[in-house]
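One-letter residues, chain by chain:
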Number of protein chains: 2
Amino acid sequence: MAERISDAEHAVMEVLWEEAPLTAQDVAERVDPERGWSTNTVKTLLGRLLAKSAIAHEEQGRRYLYRPLVARDDYVVGESRRLIDRLFGGRLTPLVAHLAERDELTAQDISEIEALLKELKA
Amino acid sequence: MAERISDAEHAVMEVLWEEAPLTAQDVAERVDPERGWSTNTVKTLLGRLLAKSAIAHEEQGRRYLYRPLVARDDYVVGESRRLIDRLFGGRLTPLVAHLAERDELTAQDISEIEALLKELKA
DNA sequence: TCTTATTGATTACAAGCGTAATCCTATTAC
DNA sequence: GTAATAGGATTACGCTTGTAATCAATAAGA
């Protein structure tokens, strides 16, 4: 379950998180066209995700329907934690501070987060 | 310059960001002992970082002194942006929201960030 | 001067990744 | 019934990464 999902694999997961279950064909059609992947590539990635138990498949006639086993939420929180631990000693504040310093935060970001934090304390 | 620094390489960069210039030996001694790396491993990584132009070296007698070319700030902001773009559509708020939802934020985090944001608006 | 210890450079090597092509089998169209 | 097709499984292949071992040159010590 904890097999680290690669970048390419992640693109496939996004499709299945958006909608599932799907056939390999469906997934191939929905993957970000930016990638320009062949159907075969997508099938390979589905196979690797199966091996990692990040997804499961069930037979539907002569093909499979794929669906995620790992929740998107778990994935994004895990990845976020990894980054924050690796780069900011596990604390979120320096991340926000760095982005702010670089003007990577919009006024909207700032008020959204403020509102969110206020909510949290309530 | 934009050659993506790997995880192992990053551990070496951290040493040089902390103190530079240093000899390969110095770096090897300072790398997180958790890694349990041989001196050779560290030298390989220094070589790769040189090839990626992430660091530079100047001769000092019969050995080199290594120093970072990439600033830590640029690195962390770049990595953070990548994650946020990849997982949260480029917006910081969902990251904070996800962590909050999972109780990954301490009360201290929350007040720190609030203070920081208030500062930003000033 | 001959040997040994340093230190950088070169080579190694398996696993993971990105990106398929090919093979095999079942099915569908003629 | 035979040929083309669709779909999964297997194999491929070069690049990067993690992790060194080995080689070559030089300096230092005996």
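Every chain is numbered independently, its residues counted from 1 as its sequence is written. Throughout, the order in which chains and ligands are written sets their labels, letters from A for the former and numbers from 1 for the latter. It should be noted that, the model being predicted, local features are given only for residues of pLDDT at least 70 and side-chain atom pairs only at 80 or more, the latter also being counted only at that level, while totals for whole chains, interfaces and linings use all residues. To obtain the side-chain values, all non-hydrogen atoms of the structure were included, while hydrogens and water were left out.

Taking an unreviewed UniProt entry as the reference, chain A is identified by name as CopY family transcriptional repressor belonging to Sphingomonas zeae. We quote the UniProt Sequence similarities (unreviewed entry) comment for chain A here in full: "Belongs to the BlaI transcriptional regulatory family." UniProt positions are given in the numbering used here, feature names are shortened, and annotations may be inferred rather than shown by experiment.

## What about the protein's contact with DNA strand C?
In this text, near means that some heavy atom of the residue lies within 4 Å of the molecule or strand in question. DNA strand C sits among 20 residues. The nearest are Ser6, Trp37, Thr41 and Thr44 of chain A together with Arg62 of chain B. Each atom of DNA strand C within 4 Å of the protein belongs either to a base or to sugar and phosphate, the latter forming 58%. Mapped by element, the contributors of at least two residues to the surface near DNA strand C are α1 (7-18) and α3 (39-51) of chain A together with α3 (39-51) and β2 (63-68) of chain B. Only DSSP runs of H or I reaching four residues or more are called helices, and only runs of E reaching two or more are called strands; each is numbered from the N terminus. With five residues, α3 of chain A is the single largest residue contributor to the surface near DNA strand C. Side-chain classes follow a simple rule in which Ala, Val, Leu, Ile, Met, Phe, Trp, Tyr, Cys and Pro form the nonpolar group, Asp, Glu, Lys and Arg form the charged group, and the remainder, Gly included, forms the polar group. In terms of residue class, the surface near DNA strand C is built from five nonpolar, seven polar and eight charged.

## Section: the relation of the copies chain B and chain A
A residue counts toward the fit only if its pLDDT is at least 70 in both copies, and the copies are then superposed by least squares on the C-alpha atoms of those residues. Of the transformation placing chain B onto chain A, the axial shift is 0.0 Å and the rotation is 180°, giving an RMSD of 0.1 Å. Those values place the two copies in the arrangement expected of a two-fold rotation axis. Closest to the rotation axis within chain B is the C-alpha of Glu114 of chain B, separated from it by 3.2 Å. Residue by residue, 100% of the interface of chain B is reproduced at the interface of chain A, so both copies engage with the same surface. In what follows, a contact means two residues having at least one pair of non-hydrogen atoms within 4.5 Å.

## Here's the deal with the pairing of β2 of chain B
Residue and element names in this part refer to chain B. Where strand β1 (residues 55-60) and β2 come together, six bridges link them in antiparallel fashion. By the bridge assignment, Glu59 is partnered in β2 with Tyr64. Here β1 folds back onto β2, and the loop between the two strands holds two residues, one of which, Gly61, carries a positive phi near 60°. Strand pairing is defined by DSSP finding a minimum of two bridges between the two strands.

## A few points about the domain arrangement of chain A
Just so you know, the domain bounds were taken from an automatic or database domain assignment. According to the domain assignment, chain A consists of domain 1 (7-68) and domain 2 (72-121). With centres defined by C-alpha atoms, the gap from domain 1 of chain A to domain 2 of chain A works out at 30 Å.

## Quick word on the interface of chain B and chain A
Listed per partner, the contact involves 39 residues of chain B and 39 residues of chain A. Of the roughly 4,000 Å² buried where chain B meets chain A, counting both sides, 62% is carbon and sulfur surface. A simple way to read buried area is as the amount of 1.4 Å-probe accessible surface that goes missing from two parts once joined, with both sides added. The largest share of the area that chain B buries against chain A comes from Arg86, Leu92 and Leu117 of chain B, three residues that together contribute 14% of it. Between Lys or Arg on one side and Asp or Glu on the other, a salt bridge is scored when a side-chain nitrogen of the former is within 4 Å of a carboxyl oxygen of the latter. Inspection of the region where chain B meets chain A yields 14 salt bridges. Whenever two N or O atoms come within 3.5 Å, that pair is a polar contact, provided that in protein one can donate a hydrogen and the other can accept it, and provided that, for residues adjacent in sequence, both atoms are side-chain atoms. In this assembly, chain B and chain A are joined by 20 residue pairs in polar contact (both at pLDDT 80 or more). Sorting the residues of the side of chain B that touches chain A by element identifies α1 (7-18), α4 (72-88), α5 (92-101) and α6 (107-121) of chain B as the ones contributing at least two each. The element contributing the most residues to the side of chain B that touches chain A is α4 of chain B, with 14 residues.

## Some remarks on the protein's contact with DNA strand D
Near DNA strand D lie 20 residues; those nearest to it are Ser6, Thr41, Thr44, Arg48 and Arg62 of chain B. Near-protein atoms of DNA strand D (within 4 Å) split between backbone and bases, with sugar and phosphate holding 60%. Residue Trp37 of chain B places a side-chain N or O atom 2.8 Å away from a phosphate oxygen belonging to DNA strand D. In the environment of DNA strand D, a base nitrogen lies 2.8 Å from a nitrogen or oxygen atom belonging to the side chain of Arg48 of chain B. Counting only elements with at least two residues in the surface near DNA strand D, the list comes to α2 (24-30), α3 and β2 (63-68) of chain A together with α1 and α3 of chain B. In terms of residues, the surface near DNA strand D owes the most to one element, α3 of chain B, which gives five residues. The residue inventory of the surface near DNA strand D, partitioned by class, reads five nonpolar, seven polar and eight charged.

## Describing the pattern of salt bridges
This model, assessed by the stated rule, comprises 28 salt bridges over all chains. The residue Arg4 of chain A makes a salt bridge to Glu79 of chain A at a minimum N-O spacing of 2.5 Å. Of this pair, Arg4 of chain A sits in the segment before α1 while Glu79 of chain A is found in helix α4 (residues 72-88), placing the two residues 75 residues apart along the sequence. Salt-bridge contacts for Arg91 of chain B lead to Glu112 of chain A; the nearest nitrogen and oxygen are separated by 3.1 Å. With one member in each of two chains, Arg91 of chain B in the loop between α4 and α5 and Glu112 of chain A in helix α6 (residues 107-121) form a pair that bridges those chains. When salt bridges that share partners are traced, they join Arg4, Asp7, Arg35 and Glu79 of chain A together with Arg86 of chain B into one network.

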